[in-house]
Amino acid sequence: MIQAERDKLIGMYIEDRESVYHTWFLNNEDRLKAFRTIKKGLKKVTREIEARTFGNDFKGSSLETVVTAISEQKQVFEGAAHPFFWKPKLRIPDIYENPENQLAFGRFLNACLHAKNEKQVLTRS
């Protein structure tokens with residue numbers, strides 16, 4: 001797609017008052033409130049991981065609270081929690097059994113919290 005076509009398509013999307021751009025991102029106090037809750041929850045998850053008090057199960061964890069808040073934001077996120085359920089036979093994800101993986105995961109989440117773009121996530125985690 002050439003740049004002019006892409007710019008036209010983006011312009012049409014932004015002008016569409018029913019698009020996700022307007023209904024989900026702009027002036028949506030409920031959505032902003034949810035993002036604040038998610039950010040607060042992620043901070044709790046990273047603190048628990050660093051303090052080695054995170055636990056070994058997704059159910060009832062601070063991570064479950066965050067993933068639930070994320071998955072409630074849009075149907076697109078439906079099933080977002082699935083990868084975080086501990087699967088003993090498959091050993092995925094190994095953030096519940098392996099302290100090093102848990103720390104790496106916590107540091108990745110912390111990098112996400114403080115980054116303004118994807119390059120910062122990659123250099124901080």
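Residues numbered from 1 in each chain as written. Predicted model: local features only at pLDDT ≥ 70, side-chain atom pairs only at ≥ 80, totals over all residues. Heavy atoms only, no water.

**Focus: the pattern of salt bridges**
Then step 1. Going through the model one piece at a time under the given rule, you end up with 3 salt bridges.
Then step 2. The salt bridge involving D7 is made with R6; its shortest N-O contact spans 3.8 Å.
Then step 3. What makes D7 partly exposed here is its relative accessible area of 40%. (Salt bridge = Lys/Arg side-chain N within 4 Å of Asp/Glu carboxyl O. Buried < 20%, exposed > 50% of the residue type's maximum accessible area, 1.4 Å probe, protein only.)

**A few points about the confidence of the model for the chain**
Then step 1. Across the chain, pLDDT averages 80, with 81% of residues at or above 70.
Then step 2. Model confidence for the chain, summarised as mean pLDDT per element, is weakest for helix 2 (residues 20-25) at 66 and strongest for helix 5 (residues 99-114) at 89. (pLDDT = per-residue confidence, 0-100. Helix = DSSP H or I, 4+ residues; strand = E, 2+ residues; numbered from the N terminus.)

**Focus on the packing of helix 3 (residues 29-50) against helix 4 (residues 62-71)**
Then step 1. Interhelical geometry of helix 3 versus helix 4 gives an angle of 155° and a closest axis separation of 9 Å. As summarised for this structure, helix 3 and helix 4 are arranged roughly antiparallel, according to the angle between their axes. Viewed along their axes, helix 3 and helix 4 form a crossing whose handedness is left-handed. Mapping the contact onto sequence places I38, G41, L42, K44, V45 and E48 in helix 3 and S62, L63, V66, A69 and I70 in helix 4. (Axes fitted to C-alpha atoms, helices over the stretch in contact; angles between N-to-C directions. Parallel < 35°, antiparallel > 145°, perpendicular 65-115°, else oblique. Left-handed = near helix turned anticlockwise from the far one by under 90°. Contact = heavy atoms within 4.5 Å.)

**Digging into the packing of helix 3 against helix 5**
How two helices sit against one another is set out by the angle between their axes and by the gap between those axes.
Then step 1. Look at helix 3 against helix 5: their axes get within 9 Å of each other, and the N-to-C directions meet at 150°. Relative to helix 5, helix 3 is oriented so that their crossing is left-handed. Touching K39, L42, K43, V45, T46, I49 and E50 of helix 3 are Q102, L103, F105, G106, R107, L109, N110 and L113, all from helix 5.
Then step 2. Here the residues of the contact of helix 3 with helix 5 sort into 7 nonpolar, 4 polar and 4 charged. (Nonpolar A, V, L, I, M, F, W, Y, C, P; charged D, E, K, R; others polar.)

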